[in-house]
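Coordinate inspection notes
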Amino acid sequence: MLKAIELEKAYNPRRFEDAVYRRWKESGAFTPRGNGDSFTIVIPPPNVTGVLHLGHGLNNSLQDIIIRFHRMRGERTLWVPGTDHAGIATQHIVEKRLRAKGLDRRDLGREKFIEETWKVKNEHHEIISRQLARIGASVDWSRERFTLDEGLSKAVREVFVTLYERDLLYKGNYLVNWCCSCGTALSDDEVDHEDTPGKMYHIRYPVVGGGFIEIATTRPETMLGDTAVAVHSDDERYRDMVGKMVVLPLAGREIPVVADAYVDREFGTGVVKITPAHDPNDWELAKRHNLAVINILTSDGRLNGEVPEKYRGMTILEGREAALADLGDGGFFIGEEEIRHAVGHCYRCHTVIEPFLSEQWFVRMKPLAEKALASWRRGELVFYPRKWENTYEHWLSNIRDWCVSRQLWWGHRIPAWICPDCGKTSVSRSDISVCPHCGSSRVEQDPDVLDTWFSSWLWPFSTLGWEKLSDYPADGGSALGRHYPTSALITAYDIIFFWVARMIMAGLEFTGKAPFRDIYIHGLIRDKKGRKMSKSLGNGLDPLELVDEFGADALKFTLAFMCAQGQDLLVDKESFRLGSKFANKVWNASRYILMNLEGRNYTANPALLPVDRWIYSRLNGAARYITDSFLSYRFNDAAGKVYEYFWNDFCDWYVEATKLSMKGGGGAEKDRAVSVLLDVLAESLRLLHPLLPFVTEEIYGKLPLECRQSAPPGAPPASVLSGASSASAPAGASADGDEASSGELLIRAAYPRYREERRDDEAERRFAFLQDLVRQIRTLRAECTITPEKRLDCAVITGGEGEEREEKAAFLRENAELVRLLAGLGNLAVDAGGPAEAPDAAKAIVLAGQDYEAHVYIAEAVDMNALAEKFRRNLERDRNYTASLEAKIANPNFVKNAPPELVLEEKRKLAEAKERTETIETYLKSLAGGTR
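Residues numbered from 1 in each chain as written. Predicted model: local features only at pLDDT ≥ 70, side-chain atom pairs only at ≥ 80, totals over all residues. Heavy atoms only, no water.

Put simply, helix H3 (residues 87–100) and helix H5 (residues 110–134) touch, their axes get as near as 10 Å, and they point 110 degrees apart. With respect to H5, the element H3 is oriented roughly perpendicular. Viewed along their axes, H3 and H5 form a crossing whose handedness is right-handed. Seen from H3, the contacting residues are Thr90, Gln91, Ile93, Val94, Glu95, Arg97 and Leu98; seen from H5, they are Phe113, Glu116, Thr117, Val120, Glu123 and His124. Residue classes in the contact of H3 with H5 are distributed as five nonpolar, four polar and four charged. (Axes fitted to C-alpha atoms, helices over the stretch in contact; angles between N-to-C directions. Helix = DSSP H or I, 4+ residues; strand = E, 2+ residues; numbered from the N terminus. Parallel < 35°, antiparallel > 145°, perpendicular 65-115°, else oblique. Left-handed = near helix turned anticlockwise from the far one by under 90°. Contact = heavy atoms within 4.5 Å. Nonpolar A, V, L, I, M, F, W, Y, C, P; charged D, E, K, R; others polar.)

Shown next, in the form of C-alpha cells:
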C-alpha cells in the first residue's frame, strides 16, 4: 500500500540542487560504463583567467543536455572536462598584479614568475570547477585535464618535433602581428579588426631630376622605413615614372618607383608608399621586387636606430606628430582628410597591432588544410547548421602559415636549442645539453613559448591519453581506443578559426582520423538590443547569480529554449523566468500526484481508459520528436516540445482528466488511475531530465520504487528499450565498466523511445475533437468573465456523414462526465445531426467547431445586453490593434531594420489578434441571432 509523499509546498531549487549533484558525483554517475556504443565530448576548455560568463553557461548547458540524453540511451558516455593555460591572458593577469606592487616580471626571473602564475591558475581553476558543478555539468571529473599537465606537455612536444621532421615547421624572419603591450607575436586569428576613425594624409615625395609625386597614407611615421613607392602596372598617369628615383622626405634616402598590379588605382592618388617591414601587403610586394626591408620599431613600439636621430625613442604616436610637423615645415605636407578604416587590435589587451619584422616559428598550414578539406568533402564532418561549411571551406582554402611562437614565459617552452658556437638549431623530444652538430655544451633553449592554441588543437586526442605517434591506433580497452574519435563538438562560432579547423587538421595529421563527426556551432548571447555582453556596457549576466535566483534548471532550460540554430540569443535577466516557471510547474504537478497516494495500491500493467491511451500516444510522439531534435542539435525544438507536452498535454489535460477517477471512482478505480498516473509521471520525468536534470532527479527519487522499476504498459523493460544492458544498471562505473551502486537514479534511467505499437491516431483524433469543444467553451467563459464555479448547460450537435456523425456523438456521450469536468458544465446534451433539445437563441451563444455546433446557455450567468455591448467595444479595440500591427509589419523599414525575432513576435501578435477578432465577431452574430 502506498503512502502520501509530501514535497515542499514551494519549489526551491536551492534546497536540493547541491545535494543532488553530490549524489550523482559520489555514485559515479558521470563515468562511462557498459558495452554500448561510445558517445564522447571534450569540453572546450575555459581559460584559467577568471570566472565563467554566460557564454560558457550556454555552451556547457548544451553539452550537458546532449551528454545526459546519450547517457540515458545506454551509450558509453564520456564528457571530458579541463582548462586551458591561456598563455597571453594568464601572464597578463600576473604582470598586472606585479605592476600594482611596483614590480616587473624580470624582477622575479622566469622560474619565480612561473611559480606565481601557477598560483593564479590554481586559484581560478577551483572557481571554474565549482561553477561547472553549480550549473549541473555532468563531466567525468576523474578525467579532468589541463593544457600544461604532464601528459599534454608530452603530446605538445611530440607534435612540434614531428612537424619539424615532416618539414611542416620552420623558423624565419617574417612579418608578424605584434602586440607592443603584451610584447609578443600573434596569429592572424588573434587580431580583432574594428572600424576606427582615422585620417588620410597627403604628402609630396620629390622626384630625382625635378618634380613631385603625391602619395596618401594613414601612417606617416612609417615613411621612415619606406624602400619604394609603387603605382599600378597599367596606370597611364605614371607610366613615365616607373624606374625613376624619389627622395624620401625627412630621411633623405633615394628609393625607386616600381609598378605592381597590387596597387589600387582608385585609392588616393594611385601612388602608395612601400614599407615592407610594417605592412603585410608591402612585405609581399617587396619580395616580388627584391626591395630592401627596414624595421624602424623596437619590440615595445618605439622608433629605433634605423630612423634619423631626432625621432629615436619616440612612441608611434609621438613619431607621427613629429613627422607631420617636420613635413609641414619642409613643404612636403599637402593636407589631411577624415576617414574610417579597419584597424587590428590585440584580442586580449586591445592594443593596436603593429606589423613587425621578427624571427618566429611557423607551421606550414596548406598541406594540413588540404587534408581537412578532403575529410569534409568525404562526408566525415557534418556542421550544424550547414551554413558554417562555407566558412570552413573558405578559410581553409585561403589559409596562411601559422605563427606559433610567443615571446612569453607562461606556456609550453619551445623544444629547440640554439648553439652559439656553430649557430645551428636542434629540435628534440628530450632536453639536450650538448649540441649534436658540434659537441659544444653551450647550447641554450629557445626562450619563447608556443601559442596557447598549439596545445588546444590536440585537445580531442591528447586528453584521452595520446602522447606520441605510436599511441594511435589504440587498444580497445584504453580510453583512447574506446572514445576516439570523439562524437561531437559543441562550440560558439567566434572560435571556428582559432580552434575547430585546427583540431580537425591535427586529428587527421597525427591520428589519421577526424577528431569528431558532428560540429554544432551555436550563436552568441547578446542583450535584448542585440549588443554583445561586456563589462563596459554593463549588460553582462553572471550565470551563478542566475542560478542563485532561478535555479540551475531554469538557466539550462531557458538557454536551450532560446537556442535556435544559426541565431544569436537575445536575453535579459527576466528571460530566465521562463525556465523557472516551467520547473515550478513540474514540481507542483508532481506534488499534487504524490500527495494523493495515501491508501492506494500500485498495480503493474493496469487497464487503460481512452484518455490513458491518448496520453501514452502523445508521450510517444513527443519522445520521437524530442529524440530527433537532440540528434540534429535542434535544442529549441526539443525544449519547446518538452514544454508543450508536459504543460499542455500532461498537466492541463491528462492530470485534470484523472480527477474523475481520483475523486469520484471506487477503490479499485482509484488504484488503477494512480498506477497509470505514476507510470506516466515517471516516464515524463525521464523525458524531461536532460533539460531539467535537478528537479526531475529530486522528484524521481520520491516516486514509489515500483513505478521507477516498472516498464510502461505494453513496453519491454527499460534495459531492452535502451538498446544496451547498461541502461537500467546502477549509475556509476569505472572506465572498465565495473558498476558502483547508485540506487535508482534518474540520470541512469532509460530515455523514452518511440514505439509504433504505442501510437494511437484514433485516440488522438477523438481527444482532439473533445479538446476543441472544451477550449471553445473555456474561451467563451473567459470572454464573458464567468467564474469557474458557475456551471453552464450545453447542447452539442455533431455533424459529418452518417456513421462518423453518430460515432462522434457516441464518443461525447461516453465521455460526457469528462467534458463537464473540463469545461465547467452542468447538463450536457448530445445529438447527432439535430438538436438534443431546441436551443433557445435568446439564452445561448453558438460555438461552431469542426463537425459540431455547441449551444452554450449563458443567460443565467450574465446580462446578455450588457455582454453584447462589451463585445462591441472589445471588437472595435481589437480591430484598431490589428490594423496597427498590420501597418507595422507592412512597413519595409521595420522589417529590414528590426531583429528577426521581433518581426516574428509582431507577426505572432497579429495572428492572435485576428483570431480573437474573428471569435468576438462570431459571438456577436450569435447574440444577434445571425447564426440561426
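After that view of the structure, there is still more to cover.
Our next topic: the pattern of salt bridges. All told, the structure shown has 75 salt bridges when counted by the stated rule. Measuring nitrogen to oxygen at the nearest pair gives 3.5 Å for the salt bridge that ties Arg364 to Asp167. Of this pair, Arg364 sits in the loop between strand S14 (354–363) and helix H9 (366–377) while Asp167 sits in the loop between helix H6 (150–165) and strand S5 (169–179), and the two are 197 residues apart along the sequence. Looking at Arg364, the relative accessible area reads 29%, which means it is partly exposed. The partly exposed category is assigned to Asp167, whose relative accessible area is 47%. Across the pair Glu912 and Arg908 runs a salt bridge whose closest N-O atoms are separated by 2.5 Å. A residue pair is termed a helical-turn pair when its members lie 3 or 4 positions apart in one helix, as Glu912 and Arg908 do in helix H29 (residues 900–927) at four residues. (Salt bridge = Lys/Arg side-chain N within 4 Å of Asp/Glu carboxyl O. Buried < 20%, exposed > 50% of the residue type's maximum accessible area, 1.4 Å probe, protein only.)

Each α-helix winds once per 3.6 residues, and so residues spaced three or four apart point in a common direction. End to end, helix H25 (residues 802–814) covers 19 Å across 13 residues, agreeing with the expected 18 Å (1.5 Å per residue, within 8%). Turning to H25, its buried residues number three or more, namely Lys808, Ala809, Phe811 and Leu812. Taken down its axis, H25 places every buried residue within 160 degrees of arc, on the same side. Exposed side chains of H25 directed beyond 90 degrees from the buried face belong to Glu803 and Glu814. On the buried face of H25, the contacting elements are helix H24 (761–783), strand S26 (792–798), helix H26 (816–823) and strand S27 (825–832). (Expected span 1.5 Å × (residues − 1). Arc of directions from axis to C-beta.)

Our next topic: the side chain of Glu906. Its place among the elements puts Glu906 in helix H29. Leave out the neighbours within four places in its chain, and Glu906 touches Leu885, Lys888, Ile889 and Phe894.

With that settled, the discussion passes to the side chain of Asp448. With respect to the element layout, Asp448 can be found in the loop between strand S20 (444–445) and strand S21 (449–450). The buried charged residue Asp448 lacks any salt bridge partner; its closest oppositely charged side chain belongs to Lys171, at an N-O distance of 6.1 Å. Separated by 2.8 Å, the side chains of Asp448 and Gln407 make a polar contact. When sequence neighbours within four positions are dropped, the list of residues in contact with Asp448 reads Gln360, Ser405, Arg406, Gln407, Leu408, His412, Arg413 and Ile414. (Lys, Arg positive; Asp, Glu negative; His and termini not counted. Polar contact = N/O pair within 3.5 Å; in protein donor to acceptor, adjacent residues only side chain to side chain.)

Here we come to the pairing of strand S1 (residues 38–42). With four of five residues buried, S1 lies mostly within the body of the structure. Pairing geometry for S1 and strand S2 (residues 76–80), over five bridges, is parallel. By the bridge assignment, Thr40 is partnered in S2 with Leu78. You can see the chain leave S1, run along helix H2 (residues 54–72) and come back into S2, and the turn it takes is right-handed. (Pairing = 2+ DSSP bridges. Right-handed = clockwise from strand over helix to strand, strands pointing away.)

Aromatic rings considered in pairs are described by the distance between their centres and by the relative angle of their planes. Going through the model one piece at a time under the given rule, you end up with 48 aromatic pairs. Connected via pairs of aromatic rings, a cluster forms that spans Phe160, Tyr164, Trp361, Trp402, Phe454, Trp457, Phe461, Trp466, Tyr472, Tyr484 and Phe510. The ring of Trp402 has Arg502 sitting right over it, with the charged end atom 4.0 Å from the ring centre. (Phe/Tyr/Trp six-rings, centres within 6.5 Å; stacked < 30°, edge-to-face > 60°. Lys NZ or Arg CZ within 6 Å of the ring centre and 35° of its normal.)

This brings us to the nonpolar core. Soluble globular proteins tend to pack their nonpolar side chains together in the buried interior. Judged by nonpolar contacts, the single largest core of 207 residues is most densely connected at Leu396, Phe454, Trp457, Met505, Phe650, Leu678 and Ile858. Per-element tally for this core: the top contributor is helix H19 (residues 635–664), with 13 residues. Beyond its immediate sequence surroundings of up to four residues, Leu396 is in contact with Ala369, Ala372, Leu373, Ala501 and Met505. Core analysis: the second largest hydrophobic core is formed by 18 residues, Trp178, Ala185, Ile296 and Val307 among them. (Core = buried A, V, L, I, M, F, W, Y, C linked by side-chain atoms within 4.5 Å.)

Here three strands make up an open sheet; going across it, the order is S15-S23-S22 and the pairing parallel. Every other strand in the sheet has two partners, leaving strand S15 (382–384) and strand S22 (488–492) as the edge strands with one partner each. Averaged over neighbouring strand pairs, the angle between their axes works out to 20 degrees when direction is ignored. Two strands pair when backbone bridges link them, and S15 and strand S23 (residues 518–522) are joined in this way by three bridges, in the parallel orientation. Along S23, the bridge assignment pairs Tyr384 with Tyr520.

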